[in-house]
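# Topology and contacts: notes
Chain by chain, the residues:
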Amino acid sequence: MEATAGQVVHLADYRPTDFVLERVDLTFELDPKQTLVIQRSLMHRREGASEQAPLVLDGDELTLKAVAIDGNPIDESQYSVNDKQLVIGNLPTGVTFEVTVETIIDPEANTKLMGLYRTNGTYCTQCEAEGFRRITYFMDRPDVLGVYTITIIADGSANPVMLSNGNFLGAGDYGDGRRFSAWYDPHPKPSYLFALVAGDLGVVEDTFTTMSEREVALKIYVEHGKEARAAYAMDALKRSMKWDEEAFGREYDLDIFMIVAVSDFNMGAMENKGLNVFNDKYVLADPETATDQDYANIEAIVAHEYFHNWTGNRITCRDWFQLCLKEGLTVFRDHEFSADQRSRPVKRIAEVRHLKAEQFAEDSGPLAHPVRPQLYREINNFYTTTVYEKGSEVTRMIATLLGRPMFRKGMDLYFERHDGQAVTIEDFVKCFEDVSGRDLTQFSLWYHQSGTPLVSVSANYDAASQEFKLSLEQMIPPTPGQQTKEPMHIPLAMGLILEDGSDAKAATVTGGEFTDGVLHLTERTQTFVFEGVANRPALSLNRSFSAPVNLHFDQSAEDIVHIARHDSDLFSRWQAINYLAIQELTAAVKTTEAGGDVAASPALTSILMATASDEALEPAFRAQVLALPTEADIAREIGSNIDNDAIHTTRNAIMYSIASAIAGPLEYLHAMTTNNGAFSPDAASAGRRSLRNSALTWLSHIDDGPARAAAAYAAADNMTELAHALTVLAHRFPGSNEAEAAIAEFEQRFAANPLVIDKWFMIQATVPGDTTLRRVQDLMRGSHFAPNNPNRLRSLIGSFAMSNPTGFNRADGEGYRFLAERIVEIDGRNPQVAARILTSMRSWRSLEPGRAAHAKSALLAIDLSGRLSTDVRDLIDRMLK
Ligand code: PHE
Ligand code: ZN
């Protein structure tokens with residue numbers, strides 16, 4: 001299971017370690033340049049393991065000082081060490097022994113942000129997936145569980161706060177300026193869940209009383225002066241703890257739960273046992289600096305990391321191929337939490353938009369892989385939208401197939417049967433088979449087959465026999481390493497909507513299983529017959545997006561509009577309108593490319609107007625309806641020979657035609673007041689703000705100048721409306737005095753707040769058109785940019801590459817050339833961030849030939865640039881294959 005540079009790890013090669021870990025004692029003597037780590041581990045040879053087998057420990061960029069067995073120092077006659085491994089021979093059989101390993105590490109030099117590093121003067125760790133080996137030599141894999149005791153020793157004045165996993169044991173002074181702090185975690189855990197934090201931080205404190213009346217101390221650590229901005233995260237944490245008790249019967253299991261916000265972090269956050277470490281972007285919020293989206297993200301990510309305590313920590317993964325076991329399941333849990341805290345249909349719409357934009361895009365390109373992969377070269381490259389979001393959808397489908405009460409029973413069994421273990425997807429699925437008696441063998445193909453299934457639909461109603469016939473055909477496109485596919489078990493929630501808007505109740509359904517409104521498509525082609533349908537219905541298929549598939553269905557605009565007006569499932573009403581819009585937009589791009597003029601159809605225009613002005617519907621839903629498919633959505637739908645400029649022009653022309661026709665209602669929505677008194681981040685208030693923002697966007701398409709947007713900017717009293725007005729100014733009226741003035745004012749006002757400057761970067765980096773590249777280059781030379789900070793890199797360079805279709809995909813290829821140079825630079829310091837930004841080029845083969853050729857030479861330039869990390873090397877090889 002060892003991946004050295006370029007080597008492939010196969011799931012089929014899994015075998016347990018020869019030695020079994022029992023306990024680990026770690027002592028850290030913290031120093032910015034020379035930290036001493038003393039590890040004492042108790043272990044024994046596994047029963048049945050060879051008596052000759054040596055102990056093989058992983059390492060990475062470590063300086064080894066000493067090794068001892070049972071307290072007796074050993075030398076290189078008994079061990080060998082290289083850059084990646086420490087191998088110890090001559091170890092006993094049948095008894096527990098103690099291995100001592102002393103290493104020196106350099107936190108300050110750690111720009112990869114894996115292992116122990118420094119961020120704004122704070123010591124902090126990140127160990128998932130393979131970062132613990134950058135702290136000490138260890139069996140650094142998730143199926144090696146141990147009970148940890150931690151002692152931290154450091155300069156007391158610089159590090160009044162010293163934290164690790166588990167419960168606090170005690171702290172004290174050595175009298176020489178140094179202090180120590182000790183922690184004990186009684187729950188056996190894998191090394192990737194280890195964490196340590198030390199520094200001078202402020203804290204926000206609260207408590208939570210669990211369902212069995214235990215009081216848990218809650219602490220959120222932030223930089224001094226930022227305490228007030230952690231209030232919302234604390235509130236979200238308490239709601240998460242309560243929800244997990246109610247929805248899943250899960251109680252917290254330590255005396256203390258801590259979150260630490262740091263400003264340099266490769267990902268969103270990390271679920272270390274009892275000590276979650278967060279990117280500060282997902283902790284800090286107040287009305288002046290955070291948007292409604294920021295609040296929603298904080299709520300979701302706080303919940304996600306907290307939920308990992310059971311799905312990930314108490315029950316962990318046997319190996320990294322099982323990553324979706326914890327991530328897909330935990331995303332599903334945080335989605336359900338947010339749906340319960342906010343509006344379920346609106347949350348589902350946002351999820352599906354994100355799933356299609358990210359996962360469907362990944363699944364149709366060179367980086368496509370199964371939810372549970374068979375092999376990898378670099379595990380860091382598998383923290384993907386497929387593992388997370390498709391993994392969540394697969395869990396959701398199990399809940400749909402079984403029904404919610406049976407799903408809960410299966411989860412209960414999973415927690416009971418596997419608590420304290422490191423398990424596989426098969427173990428997880430077996431729990432649902434055992435409680436329900438359902439065979440999930442075919443269903444499990446969702447874990448193994450990559451690619452988004454395409455379901456082609458044809459429907460026919462026969463008035464004489466009162467039969468509605470539905471023929472379905474499934475096709476799963478070929479993906480890397482998988483040329484042919486087996487038919488899958490696809491649960492399609494559906495309804496037949498009659499003229500009066502009600503659902504037809506068919507007397508009988510033949511041709512396959514149809515239970516509780518869910519059709520089970522299991523064959524390659526299958527025809528279902530609904531008998532006793534008195535009138536011709538409109539088919540509403542894949543309600544709530546019950547299966548993550550593409551549908552191909554030549555449904556009449558009339559039927560689509562009927563669904564959009566009447567479906568009992570609000571999500572489906574949005575889905576119908578979105579479908580109509582994407583059909584029209586893609587057809588219009590063809591018209592533009594052929595030199596014609598485009599305008600929206602009366603059907604689309606009127607359904608948008610009717611839904612947007614329907615006061616019976618919640619504002620957030622209406623805002624979702626008003627948000628047309630993005631340029632990236634249109635590109636994905638077209639699929640090949642993509643000309644980003646044609647898409648941009650076409651979408652704007654369609655928006656112009658619609659805005660002209662519904663200007664009155666839009667002005668009414670824009671004039672709406674969103675704040676009755678004090679700001680509140682709740683979902684209903686956020687919905688009103690998003691509807692009003694949406695109206696401003698639409699109106700900017702018919703305004704002949706920036707006056708309205710400039711006035712909105714001046715009037716905004718919260719970040720959601722301020723940032724939106726700035727976006728409209730910058731994107732719709734680029735170069736205008738008003739836009740430039742607002743950009744300058746925003747910078748001045750928020751110069752001291754890097755998280756807000758990230759928004760400023762992002763807004764400017766996503767201005768459509770050729771000149772943005774120049775602006776991004778200027779901003780990189782400016783004072784706010786920090787080449788080692790992941791958030792700055794992502795918001796400036798990442799958003800340019802990922803969210804600026806015309807600016808990045810400049811026809812002359814300059815965008816790609818720029819990115820290639822940046823990737824090589826960033827890769828030298830932080831491979832994970834470089835690799836993540838590089839995925840922006842994953843769909844390069846679907847570009848028109850001119851752009852595709854430029855993109856390819858940029859990828860080849862990276863390929864030939866010499867010393868690449870395994871992260872970037874792996875992606876480049878797959879993208880060029
Ligand atoms: N396990 C983290 C989460 O999804 C993500 C993560 C992966 C963070 C790797 C850091 C490094 O909750
Ligand atoms: Zn997670």
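Report on the accompanying structure. (Residues numbered from 1 in each chain as written. Chains lettered and ligands numbered in written order. Predicted model: local features only at pLDDT ≥ 70, side-chain atom pairs only at ≥ 80, totals over all residues.)

### Section: the site of ligand 1
We apply this condition: Each residue receives a C-beta atom placed from its backbone. It is near a molecule or strand if this atom lies within 6 Å of it. Numbering of helices and strands runs from the N terminus, with a helix taken as a DSSP run of H or I at least four residues long and a strand as a DSSP run of E at least two residues long. Only Asp, Glu, Lys and Arg are considered charged, only Ala, Val, Leu, Ile, Met, Phe, Trp, Tyr, Cys and Pro nonpolar, and every remaining residue, Gly among them, polar.
Lining the immediate surroundings of ligand 1 are Q126, E128, N266, M267, A269, M270, E271, H304, E305, H308, E327 and Y383. Mapped by element, the contributors of at least two residues to the shell around ligand 1 are strand 20 (269–270) and helix 2 (292–307). In terms of residue class, the shell around ligand 1 is built from four nonpolar, four polar and four charged.

### Brief notes about the sheet that holds strand 20
Quick reminder of the rule: Note on pairing: DSSP must find at least two bridges between two strands before they are called paired. Here contacts are defined at the residue level, using C-beta atoms placed from the backbone and a cut-off of 7 Å between them. Only C-alpha atoms enter the line fits that serve as axes; for helices the fit covers just the stretch in contact. Angles between N-to-C directions range over 0 to 180 degrees.
Strand order across the open sheet formed by five strands is 17-18-19-21-20, with mixed pairing between neighbours. If you trace the sheet from one side to the other, it starts and ends with strand 17 (202–209) and strand 20, each paired once. Along the sheet, helix 1 (residues 231–248) contacts strand 17, strand 18 (215–222) and strand 19 (256–262); its crossing angle with strand 17, the most-contacted strand, is approximately 25°.

### Re the sheet that holds strand 11 (residues 122–126)
An order of 10-11-16-13 is seen for the four strands of this open sheet, with the pairing classed as antiparallel. Single-partner strands in this sheet number two, and they are strand 10 (115–119) and strand 13 (161–164). Geometrically, the sheet is characterised by an average inter-axis angle of 15° between neighbouring strands, direction not taken into account.

### Thoughts on the packing of helix 13 (residues 631–638) against helix 14 (residues 644–661)
Counted only if it meets this: By definition in this entry, angles of less than 35 degrees are roughly parallel, angles greater than 145 are roughly antiparallel, angles of 65 to 115 are roughly perpendicular, and the rest are oblique. Definitions for this section: a left-handed crossing has its near helix turned counterclockwise from the far helix by less than a right angle. A right-handed crossing has that turn clockwise.
Across the interface, helix 13 lies against helix 14 with an axial gap of 10 Å and an inter-helix angle of 120°. Put simply, helix 13 runs oblique to helix 14. Two packed elements cross with a definite hand, and for helix 13 against helix 14 that hand is right-handed. Across the interface between the two elements, E631, I634 and A635 of helix 13 pack against N644, I647, H648 and R651 of helix 14.

### Re the environment of R15
Basically, it comes down to this: Counting other C-beta atoms within 10 Å of each residue's C-beta, where C-beta atoms are placed from the backbone, gives the exposure class: buried for 20 or more, exposed for 12 or fewer, partly exposed between.
Its location among the elements puts R15 in the loop between strand 1 (9–10) and strand 2 (19–29). Of the residues examined, R15 has 7 C-beta atoms within 10 Å and is grouped as exposed.

### Some points on the pairing of strand 13
Side chains of strand 13 alternate between two faces, with V161 and L163 and M162 and S164 buried alike. Across four bridges, strand 13 lies against strand 16 (residues 196–199) in antiparallel orientation. Across the sheet, residue L163 finds its bridge partner in strand 16, namely V197.

### What to know about helix 4 (residues 344–363)
Heads up, the rule is: One axis is fitted to the seven residues ending at the residue and one to the seven starting there. The bend at that residue is the angle between these axes.
At K356, helix 4 shows its largest kink, close to 35°. Buried residues dominate helix 4, accounting for 14 of its 20 residues.

### Some details on the pairing of strand 31 (residues 525–531)
Where strand 26 (residues 467–475) meets strand 31, seven bridges bridge the pair, whose relative direction is antiparallel. Bridge pairing links S471 to T527 in strand 31. With three bridges joining them, strand 28 (residues 508–510) and strand 31 adopt antiparallel strand pairing. Looking across to strand 31, one finds that T508 is bridged to E531.

### So, unusual backbone geometry
Comment: phi is negative for the bulk of residues other than glycine, and the bulk of peptide bonds are trans. Cis peptide bonds are those with omega within 30 degrees of zero, and the linkage from E128 to A129 qualifies with -5°. Summarising the element assignment, A129 is placed in the loop between strand 11 and strand 12 (146–155). Residue S544 is not a glycine yet carries a positive backbone phi of 55°. Its location among the elements puts S544 in the loop between strand 32 (538–541) and strand 33 (550–553).

### Section: the nonpolar core
One broad rule of soluble globular proteins: the nonpolar side chains tend to lie buried together. To keep it simple, the criterion reads: What we call a nonpolar core is a set of buried Ala, Val, Leu, Ile, Met, Phe, Trp, Tyr and Cys residues whose membership is set by joining through C-beta atoms within 7 Å.
Judged by nonpolar contacts, the single largest core of 246 residues is most densely connected at V260, V283 and L729. In terms of residue count, helix 10 (residues 570–593) provides more of this core than any other element does, 10 residues in total. With sequence-adjacent residues up to four places away left out, V260 is seen in contact with L163, V197, Y221, L275, V277 and F278.

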